[in-house]
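One letter stands for each residue in the lines below.
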Amino acid sequence: MINLETLSLLDKNQVRDIARDFGTPVYVYSQEVLEAQADKALDFPNAFGLTVRYAMKANSNQNILRIFYNKGIEIDASSIYEVERAAKAGIPAENILLTSQELPLNMVFGFNKGLQFNACSLYQLETYGLEHQCKEVGVRINPGLGSGGTNRTNTGGSGSSFGIWHEQFNEIIDTAERYGLKINKIHTHIGSGSDPEIWKKVAGMSLNIVKRFLNAGHDIKILNLGGGYKVGRMSYEKSTDLQECGKPVRDSFIEFAEKTGKELKLEIEPGTFLVANAGAVIAEVIDVKSTPKYNFIITNSGMTEVTRLSLYGAQHPIVVVSKSETDEREKYMVSGHCCESGDILTPAAGDSEALSERWLTKAKIGDFVVIEGSGAYCSSMSVKNYNSYPTASEVLINHDGKASLIRSRGSLENMVEREKCVVKID
Ligand SMILES: Cc1ncc(COP(=O)(O)O)c(C=O)c1O
């Protein structure tokens, strides 16, 4: 018997009920799983205090932000727009840290309300200093080593533009001194889906960086080690055990305090870890076809909802839920609905250009296809509206199993409302 990936977030009846009540494609999130992941993150080993920030780029729906905020989790924002979005969800500016490639045009927004800021370049530090002399500021450092699930999610090392290169220490100190800035936080984030061993090594390197800033007279209070904790979506993949990877880091904070007298608070910024396996997409089989080489299932979803498949060759469990129960299986390629040959739900692992068939339950038009592990970097990072397909709706299942709409389906009207017709039809 061939082993198929099975449903883990939803059961078959939930899939059929949600598809009937809300239509497809639809993102579905579980409040219970979101909260269970939040508890694990809040339990991260630490010596002198912990702040967990949710990397809201992973999924920005305000209900998800609120679920985490209610748990005591703060926000890591990657743009001023994310800051404003979190503020609209009701999260106070002082609980938001902005770490962005793009310096906000409106530097005033939020800063007078306590928004925290990490300078990610010498230019950002200089510009912040011009407007906020003598204030506290964090600095994001590229420690010279990175690790990501793919090269595209690696944010450390000389091939990455994130943060200030660690050897530019003197320039950082000079810039801070020019404006009387007090550097109080060092931040390193080396990638998404990082190798836990490299993450631990970078934690040690980051402590050495902190020591240099302390020696230069900056009172570093916090070391933020970013996110990147690997999450297994497929049944054969392993997730990072936060307890296991956090304990040696806690010990190194204790050792650091013994040597320097400085008790550093730890910050972490998980995104994927908190939401990846708390979400799934329910799509519908809209066609079934074959070539001499492959059988294809065509779904009414794809890169419009889960772009990371065609971007990274990411692997997500795909489960066919047939309208009538069947034990029949078939080897399939699964395609999305876009007029784009790269819109494939079954790429080869890590190679978005290669195809990889999967054994699935035999599919008929009208059956459902569930793409699991779709809570992180799916709704927030999809190629929305390509081929003018409307944005999918989002649904949250609460503790009683009740499904509520948390974002309605987009419309053609939404897509064209900001267009202006300046060309006349003759
Ligand atoms: C600065 C920063 N922190 C945290 C994260 C979250 O990473 P992950 O979702 O892999 O945990 C990211 C992701 O790109 C990031 O850039």
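Residues numbered from 1 in each chain as written. Predicted model: local features only at pLDDT ≥ 70, side-chain atom pairs only at ≥ 80, totals over all residues.

Enquirer: Looking at this model, I keep getting lost on the overall build of the protein. Mind explaining?
Expert: Looking only at helices and strands, the protein has 11 helices and 20 strands in total. Taking 426 residues into account, the globule formula puts the C-alpha radius of gyration at 22 Å, and the protein, at 23 Å, falls close to it. Structurally, the protein occupies a C-alpha span of about 70 × 65 × 45 Å along its principal axes. For the protein, the proportion of its 426 residues judged to be buried stands at 45%. Restricting to contacts in the protein with at least 6 residues of sequence separation, those with at least 24 account for 71%. (Helix = DSSP H or I, 4+ residues; strand = E, 2+ residues; numbered from the N terminus. Rg over C-alpha atoms; globule rule 2.2 N^0.38 Å. Buried ≥ 20, exposed ≤ 12 C-beta atoms within 10 Å, placed from the backbone. Contact = placed C-beta atoms within 7 Å.)

Enquirer: Could you clarify how one ought to interpret the domain arrangement of the protein in this entry?
Expert: Interfaces are often described in size by the accessible area the parts lose on coming together. According to the domain assignment, the protein consists of domain 1 (12-28 + 276-408) and domain 2 (31-275). On a C-alpha basis, the centres of domain 1 and domain 2 stand 32 Å from each other. Taken together, the 23 residues of domain 1 in the interface contact 19 residues of domain 2. Elements represented by at least two residues in the side of domain 1 that touches domain 2 include exactly strand E19 (393-397) and strand E20 (403-407). (Domains from an automatic or database assignment.)

Enquirer: Even after reading the chapter, I still don't get the nonpolar core, so can you show me in this structure?
Expert: Where a protein is soluble and globular, its nonpolar side chains tend to be buried together. Within the largest apolar cluster, 107 residues are counted, with the highest numbers of intra-cluster contacts made by Ile282, Val369 and Val370. Among the elements that make up this core, the one with the highest residue count is helix H7 (residues 196-215) (seven residues). Both domain 1 (12-28 + 276-408) and domain 2 (31-275) contribute no fewer than three residues apiece to this core. Once residues within four sequence positions are removed from consideration, Val369 is found in contact with Ala283, Val285, Ile297, Thr299, Ile318, Val320 and Val334. (Core = buried A, V, L, I, M, F, W, Y, C linked by C-beta atoms within 7 Å.)

Enquirer: Would you mind showing me how to read the packing of helix H5 (residues 122-131) against helix H6 (residues 169-179) here?
Expert: Packed helices, taken two at a time, are described by the angle their axes make and the gap between the axes. The contact between H5 and H6 brings their axes to 9 Å, and the two run at 10 degrees. In terms of orientation, H5 lies roughly parallel with respect to H6. On H6, the residues touching Leu122, Leu125, Glu126, Gly129 and Leu130 of H5 are Glu171, Ile172, Thr175, Ala176, Arg178 and Tyr179. Each residue belonging to the contact of H5 with H6 can be placed in one class, and the counts come to six nonpolar, two polar and three charged. (Axes fitted to C-alpha atoms, helices over the stretch in contact; angles between N-to-C directions. Parallel < 35°, antiparallel > 145°, perpendicular 65-115°, else oblique. Nonpolar A, V, L, I, M, F, W, Y, C, P; charged D, E, K, R; others polar.)

Enquirer: Help me out: how do you make sense of the pairing of strand E3 (residues 74-77) in this one?
Expert: Judged from the three bridges that link them, strand E2 (residues 50-55) and E3 form a sheet pairing that is parallel. Paired with Tyr54 across the bridge in E3 is Ile75. One ladder, built from three bridges, connects E3 with strand E4 (residues 96-99); its direction is parallel. By the bridge assignment, Ile75 is partnered in E4 with Ile96. As a crossover connection, the stretch from E3 through helix H4 (residues 80-88) into E4 is right-handed. (Pairing = 2+ DSSP bridges. Right-handed = clockwise from strand over helix to strand, strands pointing away.)

Enquirer: What's the story with the pairing of strand E10 (residues 265-268) in this structure? I'm lost.
Expert: Regular strands have side chains that alternate between both faces of the sheet. Pairing between E2 and E10: three bridges, direction parallel. Within E10, the position partnered with Leu50 by the bridge is Leu266. In terms of strand pairing, strand E9 (residues 222-224) meets E10 through three bridges, oriented parallel. Residue Asn224 lies in a different strand from E10, and its bridge partner there is Glu267. Following the chain from E9 across helix H8 (residues 242-260) to the adjacent parallel E10, one finds a crossover that is right-handed.

Enquirer: Which parts of the structure should I look at to understand unusual backbone geometry?
Expert: Trans is the prevailing form of peptide bonds, just as negative phi is the prevailing case for residues other than glycine. Cis rather than trans, the peptide bond between Thr24 and Pro25 has omega equal to -5 degrees. One non-glycine residue, Asn385, lies in the positive phi region at around 70 degrees. With respect to the helices and strands, the residue Asn385 is situated in the loop between strand E18 (368-372) and E19. A positive phi angle is found at Asn387, which is not glycine, with a value near 60 degrees. Mapped onto the elements, Asn387 comes out in the loop between E18 and E19.

Enquirer: Help me out: how do you make sense of the site of the ligand in this one?
Expert: Near the ligand, the surroundings consist of 16 residues, among which Ala55, Ser192, Gly227, Gly271 and Thr272 are the closest. Of the residues contributing to the shell around the ligand, the split by class is five nonpolar, nine polar and two charged. (Near = placed C-beta within 6 Å.)

Enquirer: Mind showing me how you'd approach the environment of Pro292 here?
Expert: Secondary-structure assignment places Pro292 in the loop between strand E11 (279-290) and strand E12 (295-299). Spatially, the C-alpha atom of Pro292 lies 52 Å from that of Phe44, the residues being 248 residues apart in sequence.

Enquirer: Looking at this structure, how should I read the packing of H7 against H8?
Expert: Remark: H7 packs on H8, axes separated minimally by 10 Å, with the N-to-C direction vectors making an angle of 20 degrees. Classed by the angle they form, the pair H7 and H8 counts as roughly parallel. Our pair here, H7 against H8, has a crossing hand that is right-handed. For the pair H7 and H8, the contacting residues are Pro196, Trp199, Lys200, Ala203, Gly204, Leu207, Lys211 and Leu214 in the first and Cys245, Pro248, Val249, Ser252, Phe256 and Thr260 in the second. (Left-handed = near helix turned anticlockwise from the far one by under 90°.)

Enquirer: What is the right way to look at H6 in this model?
Expert: Each full turn of the α-helix corresponds to 3.6 residues, which orients residues three or four apart in the same direction. Inspection of H6 places Ile172, Thr175 and Ala176 among the buried residues, and these make up the whole buried set. Each buried residue of H6 sits inside an arc of 95 degrees when the element is viewed along its axis, so together they form one side. In H6, the exposed positions angled more than 90 degrees off the buried face are occupied by Asn170 and Asp174. Where H6 is buried, its residues contact H5, strand E6 (136-142), strand E7 (164-165) and strand E8 (182-187). (Arc of directions from axis to C-beta.)

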